[in-house]
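For reference, the chains in residue letters:
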Amino acid sequence: MSAVTAVVLAACGNTGASTAAPSADAGARNGTADGAVRGGTLNLLGSGDVDYMDPNVSYYSPSYLALRLWSRQLFTYPADPANNTKAVPDLAEAVPTADNGGISADGKTYTISIRQGAQWGTTPARQVTAADEVRGVKRTCNPVQPFGGLPDYQDLIVGFQQFCDGFKKVGQDAASIKNYVENTPLPGVTAKDDHTVVFTLNHPAAYLVDMLTLTAFSPAPVEVLDHLPGSSDLGTHQVSDGPYKIDLYDPTKRIEFSRNPAWNAASDPIRQAFVDKVVIDETVSQESTQQQLQTGNANADMEFDNFVPAAQIPGLQAAADPNLNLGDTASSNPYIVYNTRSPNNNSALGNVKVRQAISYAINRADIIQVLGGPEVSPPLTHVLPPQIVGSKDSDPYPYDPAKAKQMLADAGFPNGITLKLLYRNASAGSSKAFATVQQDLTKAGITVQGVPSPNADFYTKYLQVPDVATRGVYDMAIAGWGADWYGNAALSFFNPLFSGAPSFPPVGSNFGYYDSQATNALITQAIDAPDAATASDAWAKADAQVMADAAFFPITAPRQPNYHAAQVHNAVYIPSFQGFDPSNVWLDKDKQGG
């Protein structure tokens, strides 16, 4: 999800049911909530910002949570605990199938009708159209701030790679971008008529509907083309097609939403929109957030990008606190990525032997312990989490500091090495993981220096900026990644993270600049596989190759801890943004916030 997502310590994006039940009435949905109270202000507390207030380029789990309020997709995941990883229609009238004529016999053409009554919050309000959907897809590869998950589909949609290659050559001003988007056709995404969009693929992709849940595939009104993609200026001029509109966007400080008068509840089967307003306070620490949620503050209802501090989880579990939820994530979060382009130590991290040595020196069990223990943070020793097709158990780097030290000496570093580790200092989990790695690596003769970053800057000012990597600002980084969709989703790990040059930032999320012909060949083999079993085998081999090359060090496939205040009802966990769905909760009548 994804996503440049980042949760627990923050992650993408980011499957499955939760391990602790949500609120007793969490199954209520689509207007069936018994005793639901309408009105009030839902207050979310956090310490970081969205990556972009722009659905076509956003790639960050907390951003997806905010987008849920005002941006709609063709398909999405419902606030239904039993089906929260099953894509259902949102703007689309139905899921396309061969039987209903939505999928062609060769599996390469998808025809999707847009739901009538879904409107933009313009003056006057107007219908969301197929042309808007085409425009949204085109915007994802803009030259100013492209979507980080482009490798997921740049070779899938007919003509998309060529369209994007041409986009790179236009001016990076709003007028040039608008002219290219509006006047350059994209053969693989077309408007058959006002209400029908057609996707044409280079090869069959059974996962397409799930992929279309990504906010990147949101329709875009023509008004957004007057502003640069991903800009703060656009964030204050966005047009909503969801139940809420943006009243205030003050980056890193505050976001305010109120009802969108153009929204038609009958056209939206996903969002019940019980509350009148939503406020996101981005200036609250992780510890303060948890304290306020537990003490009954009427102006503290749910988390934004702050999550339950790891040290408090065992106590909440022991007390069987009904407001705690541990949800599956289908993620690798956190993991440690190695910057192969760092010039530090005579470009040591470009040497696979050095990366392997560091991997032997990291004590995964110690990190897991400071992240809440194995129940919350089950170990992950390879690329794919267990919920993803192609996952196969292996542990190529069991903790062995003596072996690590010898390998470093053999690689030309008999006196050890000094490394810079980028981490998010506003996150208790990330900070503790950094401190643990710093301490453990000394046993192998490795000195670790911290490079602290605010949550909001971690991706946008560090990992997504190629120059930061090549200047050696960091040698390693504590990042996180989650599936962009579920089940048959190995592609959403390998293409954005490990597919060589096409996945290098800012277009992809290959933050270590890993490039292997062997891995790339296995990815292609898996994509072209004729059946699931063959694909699963190829993904498992790609997984083994990435680990043999020590491209990164996986730590855990965590269960996401979320907490909400007692006055919040219908708090349903959605794995795709690793939090409770803010568009479907309601508040006690006597705690309506403000």
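A quick note: this is a predicted structure, and the numbers were derived from the prediction, not measured.

**Examining the overall build of the protein**
Summing up its helical and strand segments, the protein has 18 helices and 25 strands in all. When its C-alpha atoms are laid out on the principal axes, the protein stretches across 70 × 55 × 45 Å. Here the protein, with 594 residues, has 62% of them falling under the buried criterion. For the protein, the exposed surface amounts to about 19600 Å²; the carbon and sulfur share of it is 51%. If you average the places of the 38 positive and of the 57 negative side-chain charges in the protein, the two averages end up 2 Å apart.

**What about the sheet that holds strand S11 (residues 244–250)?**
Across the sheet, which stays open at both edges, the five strands sit in the order S11-S12-S13-S3-S14 with mixed pairing between neighbours. Among the strands making up the open sheet, the edge pair consists of S11 and strand S14 (302–303). Of the strand pairs in this sheet, strand S3 (residues 41–45) and strand S13 (residues 277–281) are connected by five bridges, and their pairing is parallel. If you follow Leu 45 over to S13, its bridge partner there is Asp 281.

**Focus: the state of the cysteines**
Across all of its chains, the model carries one disulfide by this definition. The disulfide partner of Cys 141 is Cys 164, and the S-S distance across this bridge is 2.3 Å. The chirality of the disulfide connecting Cys 141 with Cys 164 is left-handed, given an S-S dihedral of about -95°. With Cys 141 in the loop between helix H2 (130–139) and helix H3 (160–167) and Cys 164 in helix H3, this residue pair connects regions lying 23 residues apart in the sequence.

**Here's the deal with the pairing of S11**
Summarising the sheet, S11 and strand S12 (residues 254–259) pair through six bridges and their orientation is antiparallel. Within S12, the position partnered with Tyr 244 by the bridge is Arg 259. The hairpin formed by S11 and S12 contains three residues between the paired strands, and Thr 252 there has a positive phi angle of roughly 65°.

**A short note on the confidence of the model for the protein**
Per-residue confidence for the protein gives a mean pLDDT of 92; residues scoring 70 or more make up 94%. Counted against residues more than four places away or in other chains, residues 1–32, with its pLDDT under 50, gives 162 contacts.

**Considering the packing of helix H17 (residues 517–527) against helix H18 (residues 532–548)**
Between H17 and H18, the least distance of the axes is 8 Å, while the angle of their chain directions is 165°. By the angle between their axes, H17 is roughly antiparallel relative to H18. The two elements H17 and H18 meet at a crossing, and its hand is left-handed. Judged by residue contacts, Ala 518, Thr 519, Leu 522, Ile 523, Gln 525, Ala 526 and Ile 527 of H17 engage Ala 535, Ala 538, Trp 539, Lys 541, Ala 542, Gln 545 and Val 546 from H18. When its residues are assigned to classes, the contact of H17 with H18 shows ten nonpolar, three polar and one charged.

**Regarding helix H13 (residues 428–441)**
In this model H13 runs 20 Å from its N-terminal to its C-terminal C-alpha over 14 residues, within 8% of the 20 Å that 1.5 Å per residue would give. Those residues of H13 not exposed but buried are Ala 428, Gly 429, Ser 430, Ala 433, Phe 434, Thr 436, Val 437, Asp 440 and Leu 441.

**Some words on helix H10 (residues 352–361)**
Burial runs high along H10: eight of the ten residues are buried. Taken together, the buried positions of H10 are Val 354, Arg 355, Gln 356, Ala 357, Ile 358, Ser 359, Tyr 360 and Ala 361. Sitting at the amino-terminal end of H10 is Asn 351, which places a side-chain oxygen 2.8 Å from the backbone nitrogen of Lys 353.

**Examining the layout of surface pockets**
What the largest pocket holds in volume is close to 370 Å³. In this structure, the largest pocket is lined by 20 residues; those nearest its centre are Tyr 207, Asn 488, Ala 526, Ile 527 and Ala 529. Of all elements in the fold, only H17 and H18 reach the threshold of two or more residues within the lining of the largest pocket. Here the lining of the largest pocket is built from residues that sort into 15 nonpolar, three polar and two charged.

**Structural notes on the environment of Pro 146**
Inspection of the secondary structure assignment puts Pro 146 in the loop between H2 and H3. For the pair Pro 146 and Pro 506, spaced 360 residues apart in the sequence, the C-alpha separation amounts to 7.0 Å. Those residues in contact with Pro 146, other than ones at most four positions away along the chain, are Val 57, Thr 140, Cys 141, Pro 506 and Val 507.

**Some points on unusual backbone geometry**
The linkage connecting Thr 123 with the following residue, Pro 124, adopts the cis geometry, with an omega of -5°. With respect to the secondary-structure elements, Pro 124 resides in the loop between strand S7 (119–120) and strand S8 (126–127). Note that the residue after Asn 333, namely Pro 334, is joined by a cis bond; omega there is 5°. Within the secondary structure, Pro 334 sits in strand S16 (residues 331–338).

**Observations regarding the sheet that holds strand S20 (residues 552–554)**
The mixed open sheet is built from five strands, whose spatial order is S18-S17-S19-S16-S20. The strands lining the two open edges of the sheet, one partner per strand, are strand S18 (446–453) and S20. Adjacent strand axes in the sheet meet at a mean angle of 30° when their direction is disregarded. Across eight bridges, strand S17 (residues 417–424) lies against S18 in parallel orientation. Counterpart to Leu 419 in the pairing with S18 is Val 448. Strand contacts of H10: S16, S17, S18, strand S19 (476–482) and S20, with the helix running at about 130° to S16, the strand carrying the most contacts.

**Comments concerning empty space enclosed by the protein**
Here the largest cavity defines a volume of roughly 150 Å³. In terms of lining residues, the largest cavity is bounded by 15 residues, among which Gln 73, Thr 76, Thr 213, Thr 215 and Ser 576 are the most central. Classifying every residue of the lining of the largest cavity by side-chain character gives six nonpolar, six polar and three charged.

About the thresholds
- Residues numbered from 1 in each chain as written.
- Predicted model: local features only at pLDDT ≥ 70, side-chain atom pairs only at ≥ 80, totals over all residues.
- Heavy atoms only, no water.
- Helix = DSSP H or I, 4+ residues; strand = E, 2+ residues; numbered from the N terminus.
- Buried < 20%, exposed > 50% of the residue type's maximum accessible area, 1.4 Å probe, protein only.
- Areas by Shrake-Rupley, 256 points an atom, 1.4 Å probe, with all protein chains shown as cover.
- Lys, Arg positive; Asp, Glu negative; His and termini not counted.
- Charge placed at Lys NZ, Arg CZ, Asp CG, Glu CD.
- Pairing = 2+ DSSP bridges.
- Disulfide = S-S within 2.5 Å.
- pLDDT = per-residue confidence, 0-100.
- Contact = heavy atoms within 4.5 Å.
- Axes fitted to C-alpha atoms, helices over the stretch in contact; angles between N-to-C directions.
- Parallel < 35°, antiparallel > 145°, perpendicular 65-115°, else oblique.
- Left-handed = near helix turned anticlockwise from the far one by under 90°.
- Nonpolar A, V, L, I, M, F, W, Y, C, P; charged D, E, K, R; others polar.
- Expected span 1.5 Å × (residues − 1).
- Polar contact = N/O pair within 3.5 Å; in protein donor to acceptor, adjacent residues only side chain to side chain.
- 1 Å grid on protein atoms, 1.4 Å probe; cavity = no way out; pocket = protein on both sides within 12 Å on 5 of 7 lines; lining within 4 Å.
- Points joined across faces, edges and corners; volume = space filled by probe spheres on them.

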